[in-house]
Structure formats: C-alpha cells, structure tokens
Amino acid sequence: MCGIVGYYGSENAAPVLLKGLEKLEYRGYDSAGIALLENGNLRVVRKKGRVSELFNVKDMSGKLGIGHTRWATHGAPSETNAHPHVYGRFAVVHNGIIENDFALKEECRSRGEVFSSETDSEVIAHLLEFYYEGNFLTAVKSTVERLKGSYALAILCADCEGIILARKSSPLVVGSGNGGLFAASDISAIAAQGVDIYTLEDGEFALLATEITFFDGNLKRISKEKIEYDAEDETPDKKGYRHFMRKEMAEIPAVLGKSVCDFTAAKYREFYRVLKQTEQIQIVACGTAYHSGLCAKHAIESLCRVPVEVCIASEYRYSNPIVRPYTLALAVSQSGETADTLAAAEIAKSKGAYLVAVTNVPYSTITRLADYVLPTNAGREVAVAATKSFNAQLALLYSIASALDKAKGGAGFFDEILSLPEKVKCAEEACEEVRAWVPHFLGARSVFFLGRGADYATSLEGSLKLKEITYLPSEGYPAGELKHGTLALVDSSTPVVAVLTQKSVADKTMNAVHEVYARGAKVFLITCFEEYTSRKEVTASLLLPECKEEFTPILSVLPLQALAYYVSIARGNNPDKPRNLAKSVTVE
C-alpha cells in the first residue's frame, strides 16, 4: 500500500513531486524515490526511510517525473526495493499487489532478464520493455492485461515526453492547472485552488502530455467530468498543534455537529423507505470502522430490536455470507478505498442487499459502488490512527438507529443524539487527567482493556489505539471472559483499563476489576458513575458525563484516544506516523 505522484509542467519537477509525496506519507514511509525524464534520459533517486531523505535532490532538473512512497508488501524496506523501478527505457511506480508476479518473473528470466529487487512491482517494468514496439500506450495496455491483482501505475518512457497512468482496484486521480498536469493516489497530494481534478476508473488509462487525454480499456478516447472538492480541506495544517492526531481529537465536538443527521428529512426519503423495509443489517468494515460497527450493533439491537451482524470485511469476502431478503448492508470505511471493505460490499450487493456507504471521502471508490452514500463529514484526517473519524461514524450510525426506530413505529431518540456534541465537550476537558496515568504504562509488559456490551466495543478500540501508536502489546476483552484463561497473563506489570458506562452490568464489570486487582494489576477506571471511582481497587479514575447508555462509546473513547496519544509521546514515538502502518489500506 503506497502513494504515487506524477508531474509534467512548467516548474522543476523534483520539488513538486517531493511536496506531493510528503502529503502521501500516511500511505507508507518505508522508502521513497523519484524518477525524472530530461532529454531522453531517466534519472532515478531512491532512499530507504521517509521522503525527507530525498530532500537533497531538489536541484535535480527536469519538468517531467514520477514519485513513490512505499509501504512494504513484497520485500523488506530498502533502497533496492524502493520505487521507481527501472528496466530498459521504462520507469514505473506502483500502488497495489501483483498476485501473479512469480510466474511473470519466471517468464522474464527465461528470456535472460535479471531482477534487482524482491518486489512484485519490478516485473511491470520488464513487461513494458518486452511489449514496447514504438507505441508507449499500447505497451502499457499489453502489460496490464498480463497482471492479476491491483494496481495504480504511473509510467515514464525514455522515448516519450509524457506520463501514462493505469488503474485497477487502487485509487488514482489526475489534475490540471497552475501550469502543470498532475497525478496522485489521493487528492491531497495535488489539491490547490485552480486545479481541476478527475478520477480514473478501473480499466482506464490517462496520458499526461501537453494535456490530459483519457482512454477506456480499448484505448478509445473518453471524456471526464471534473469532481468537486474543498481545496482548503484537502491541504490541512496542524493549526499550532504539535501533532495532527491531537488537532483531530480537538475537532471531535465540531465534527459531531456535522455528522449527526435527521434521516426523516425529505431529501432522505429513499433511504427512509429502505429503513422501513429493513429486517436485518449487515455491517462490513475493518479496524476502527469495525469497532464503530460493533458500537452501532449494540445500539440498534437494544433500541430498535433489529438484528445486526458486524463482519470483519476480510473475513466476510471469503465466507460465502448469507444475505436474507430486506437486508441493509452498511459498508463503513473512512477512506472509501479499503480493499477488503470494497470487496465485501460488492459481495453483499451482489447477493441482494441494499448497499449504503458510510465514508468520509465523497469521491472515493465505495461511493460509486453503493446504492446510497452517507458522508460522515469529519473533514480530512491526516494522522494514521483514527480519532475524529471514529466519533463521526458513531454519530452517523446512531442517527441511523434513531431513524430506524421511527421507521419501525417508534419515537426515535434524535434529541439525545443532538445533545452528544455538548457532552463530548465536557468529556474532552476531563480527558487531560489521563496524562497523569502515563508513567504506569511506560514499563508495562502488556495492557488489558475491559468492558461489557458497548463498553467492550470501546475497549477494543482503546486497545487498537494503544497498539497502533505506542507499540505496547494490548488486548480488549469482555470483562466476563478474562477469567477463562487470559487472567494468567495479568500481574503487577499489566495495567488494566476498565470501561464502565453500562449501569445494568456495572457491578458485573467490577467483578473483573476485583480479579485483576487481586493479581497485582493497577486499575484505571473510565466511568459515568461516581460511586465506583473511590473503590480501593481503582488506582485512578476519570468521570464522564452521563448519557443514554447505548451512546456512551462516543464519550468513553475520548480518554482512550488521549491515553494512547500521551503514552506514544512519552515513549518517543511520532503518533501521526506509526511504524509499519498506513492510513488507507488499498491492498488485500
């Protein structure tokens, strides 16, 4: 999963490419490289590490080039495995995975060709050289017809003054304006006032030369409609915060106000009609979005009495799922480009489900697949670890629950949802208290997060946040399940975070607190109920505002996000760019 850029224009290409790559580092930062074409000569520089390692090549000349920032799949992070890959007269950058690379490499080796990297991507350059007979575009078409898997490609040919782009199952956009032609994996890399942006669809090609020319899979010229985007939102800055993650956490109250939605309004008539008919809901998602689905399941089943199945998308796509009549499928993806979620969504739709995309990116692939699109309106999220997008997903999913209740003849609970942004503001002020907890986590061997019901779903998300940016081993566990084996791991070097916001099971959750305390663990309690904060078993506690039990994850996750952030900083990590991870996973 990588980021690619391309530029052809009036400026020196190297600084433009490097600026674009910096904005794509959320997609991977194991290694980076650029290739420039000048007077028929390809000049390539690659480095292990982040894009900043390339800054000393800004003075490279050439007004035409491509660049790449890598998240390793095939081959370890190294200069040798970095892109662009060059063979013969071709240089190529690739985002995706070529699944038949082994067979293709064997074919190339049979012709006496030698490979210099461990990557799947290098074989593309070899195929381009093999198929090239003087026509750049037909060589690209012949090459991609041999590839199985996914790809977004930007390609240079030493014989041609231009860049050819190709796409299958990996995002790719192109733009024109400000004296140049641009290509990138994401709008953020090329967004600016005055730049018109277009999306490449699967099987299409584009040529960036004196202008942008688009082609379908048969190389017939086609026209494109430019997409609307907010240039300011696509080019964010930290606004004085030390990290994007902290800035994005501070934006949560405002984001909730934009994400809460009354689906009984006239413009949602079609969706409301679907809700009236819905007899089952399937939610497909990955990572943080999967956890928001678990929170939604608890709320919908408790308040609406409609069965909800939450599926990890990578499992759903290979499970031959059962989709009954009148099933509503919610595909939840911050980026709208998550490969596993896209595949799962396509399967649900093919089996007859009404597919709704819940996404933060209105021009993403999932929006073109879905029957209906519900944007979360969280604004651009730069930090790899999701924070405000999780809360925005919850606000929208809870809004769906309220509308579903009304569609089924209930009164709904929209007023309670409208009160959540103000309650989040109050909770945010209290969250700074977790900074005092940090020393207890620095020497931890592992960390456990415990809860029941909705609190269990929140515990999973808290554990994921801690793992992502602190690199501490941690687990989210149902409070009642700990004693069935996992309690063997708990001792004085195992901090335990207990989430307790469900009054009906509060004393049951406290039973687990007693058990871990008896084994020497320090317990850190997040609760809405003051009476539990002074218990002797509790090392420290944080008191949240009370709200409807089904919606408490939108509050209780805040201190968990803050805890992960402050522990990450104390351990000397950059919480915006955790190792080995990427923001938007567009490969399987």
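The rules we used
- Residues numbered from 1 in each chain as written.
- Predicted model: local features only at pLDDT ≥ 70, side-chain atom pairs only at ≥ 80, totals over all residues.
- Heavy atoms only, no water.
- Pairing = 2+ DSSP bridges.
- Helix = DSSP H or I, 4+ residues; strand = E, 2+ residues; numbered from the N terminus.
- Axes fitted to C-alpha atoms, helices over the stretch in contact; angles between N-to-C directions.
- Expected span 1.5 Å × (residues − 1).
- Buried < 20%, exposed > 50% of the residue type's maximum accessible area, 1.4 Å probe, protein only.
- Arc of directions from axis to C-beta.
- Contact = heavy atoms within 4.5 Å.
- Salt bridge = Lys/Arg side-chain N within 4 Å of Asp/Glu carboxyl O.
- Phe/Tyr/Trp six-rings, centres within 6.5 Å; stacked < 30°, edge-to-face > 60°.
- Polar contact = N/O pair within 3.5 Å; in protein donor to acceptor, adjacent residues only side chain to side chain.
- Parallel < 35°, antiparallel > 145°, perpendicular 65-115°, else oblique.
- Left-handed = near helix turned anticlockwise from the far one by under 90°.
- Nonpolar A, V, L, I, M, F, W, Y, C, P; charged D, E, K, R; others polar.

Peer 1: So what exactly am I meant to see when it comes to the sheet that holds strand E20 (residues 447-451) here?
Peer 2: The pairing of strands in a sheet comes from backbone hydrogen bonds and takes either a parallel or an antiparallel form. Strands sit in the order E21-E20-E22-E23-E24 across an open sheet of 5 strands; the sheet is parallel. Each having just a single partner strand, strand E21 (474-478) and strand E24 (538-543) make up the two edges of the open sheet. Strand-to-strand twist of the sheet, defined as the mean angle between neighbouring strand axes without regard to direction, takes the value 20°. Of the strand pairs in this sheet, E20 and E21 are connected by 5 bridges, and their pairing is parallel. Bridge pairing in E21 links Val447 to Ser474.

Peer 1: When you look at helix H18 (residues 506-518) in this model, what are you seeing that I'm missing?
Peer 2: Residues separated by three or four positions in an α-helix point in the same direction, a consequence of the helix having 3.6 residues per turn. Look at H18: 19 Å from first C-alpha to last across 13 residues, which is about the 18 Å you get at 1.5 Å a residue. Among all positions of H18, only Ala506, Thr509, Met510, Ala512, Val513 and Val516 are buried. Along the axis of H18, the buried residues cluster in a sector spanning 150°; they form a single face. Against the buried residues of H18 lie E20, strand E22 (496-500) and strand E23 (523-527). Where H18 ends, the next residue or the one after it, Gly520, has phi of about 95°, a positive value.

Peer 1: Explanation requested: the pattern of salt bridges in the structure shown.
Peer 2: As enumerated under the stated definition, the model contains 27 salt bridges in all. Residues Glu25 and Lys577 are paired through a salt bridge, measuring 2.7 Å at the closest nitrogen-oxygen approach. With Glu25 in the loop between helix H1 (13-23) and strand E2 (31-38) and Lys577 in the segment after helix H19 (553-570), this pair connects stretches of sequence that are 552 residues apart. On the accessibility criterion, Glu25 (5% relative accessible area) is buried. Among the salt bridges present, the one from Glu204 reaches Lys224, with a minimum N-O distance of 2.5 Å. Taken together, the residues span a long stretch of sequence, with Glu204 in the loop between strand E11 (196-199) and strand E12 (205-208) and Lys224 in the loop between strand E14 (221-222) and helix H5 (231-234) at a distance of 20 residues. Relative accessible area serves as the criterion here: at 13%, Glu204 is assigned to the buried category. Three or more residues are tied together by salt bridges with common partners; here these are Glu107, Arg111, Glu113 and Arg146.

Peer 1: I tried to follow the packing of aromatic side chains on my own but got confused; where do I start?
Peer 2: For the structure on display, the rule yields 15 aromatic pairs. With a centroid separation of 5.4 Å and an interplanar angle of 80°, the aromatic rings of Phe90 and Tyr132 are classed as edge-to-face. Here Phe90 is found in strand E6 (residues 90-98), whereas its partner Tyr132 is found in the loop between helix H3 (122-131) and helix H4 (136-144), with 42 residues between them in sequence. Residue classification places Phe90 among the buried residues on the basis of a relative accessible area of 0%.

Peer 1: Looking at this structure, how should I read the side chain of Lys105?
Peer 2: Tracing the backbone through its elements, the reader meets Lys105 in helix H2 (residues 101-110). Residue classification places Lys105 among the buried residues on the basis of a relative accessible area of 8%. If we skip the residues at most four places from it in the chain, Lys105 touches Phe115, Ser117, Glu118, Thr119, Asp120 and Val123.

Peer 1: Teacher, can you tell me more about the environment of Thr365 here?
Peer 2: Tracing the backbone through its elements, the reader meets Thr365 in helix H12 (residues 365-369). As for Thr365 and Asp202, which are separated by 163 residues in sequence, their C-alpha atoms are 9.6 Å apart. The residues touching Thr365, leaving out its near neighbours within four places in the chain, are Arg167, Gly336, Glu337 and Leu342. There is a polar contact of 2.9 Å between the side chain of Thr365 and the side chain of Arg167. A polar atom in the side chain of Thr365 sits 2.6 Å from the side chain of Glu337.

Peer 1: Even after reading the chapter, I still don't get the packing of H2 against H3, so can you show me in this structure?
Peer 2: Two numbers describe a pair of packed helices, the interaxial angle and the distance between the axes. For the pair H2 and H3, interaxial distance at closest approach is 10 Å and the crossing angle is 45°. Classified by the angle between their axes, H2 and H3 sit oblique to one another. Here H2 and H3 pass one another in a crossing that is left-handed. Residue-level contacts link Asp101, Leu104, Lys105, Glu107 and Cys108 of H2 to Val123, His126 and Leu127 of H3. Taken together, the residues of the contact of H2 with H3 break down into 4 nonpolar, 1 polar and 3 charged.

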